[in-house]
Amino acid sequence: MFIHGKTGKKHYSVREKINYYIRVIKGKEQGVSAVAKRKAPLRLKTLQRINEQSYDTPRIIVTDDKHFGNKESKPRMCVALKEDAKGRVLVK
């Protein structure tokens, strides 16, 4: 999770969202509405598909601006070019 420098809005990664929806499905998350519990399995399936995609071809993604060495934390659109052997994604 990172917090936008100007707006203070929280942004969560795909893996954090996956963990949240798993907790909702298992009933470990408190204060979740019945509608959110019904939609959780579908949303989890979509997030897992996003998490498993490969970056062999260039794709547009959103990353934290601090990734590029800037002081302010805010979302930044960039292009994911490839994945190295350790599973890290090269972005420009």
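Rules used in this analysis
- Residues numbered from 1 in each chain as written.
- Predicted model: local features only at pLDDT ≥ 70, side-chain atom pairs only at ≥ 80, totals over all residues.
- Heavy atoms only, no water.
- Pairing = 2+ DSSP bridges.
- Helix = DSSP H or I, 4+ residues; strand = E, 2+ residues; numbered from the N terminus.
- Axes fitted to C-alpha atoms, helices over the stretch in contact; angles between N-to-C directions.

1. Concerning the sheet that holds strand S5 (residues 89–91)
Item 1. Reading across from one edge, S3-S4-S5 is the order of the 3 strands in this open sheet, with antiparallel pairing throughout. Two strands in the sheet have a free side with no partner beyond their single neighbour: strand S3 (59–64) and S5. The sheet shows a mean angle of 55° between the axes of neighbouring strands, taken without regard to direction.
Item 2. Strand direction decides the pairing type here: S3 and strand S4 (residues 75–83), joined by 6 bridges, are antiparallel. By the bridge assignment for S4, Val62 is matched with Met77.

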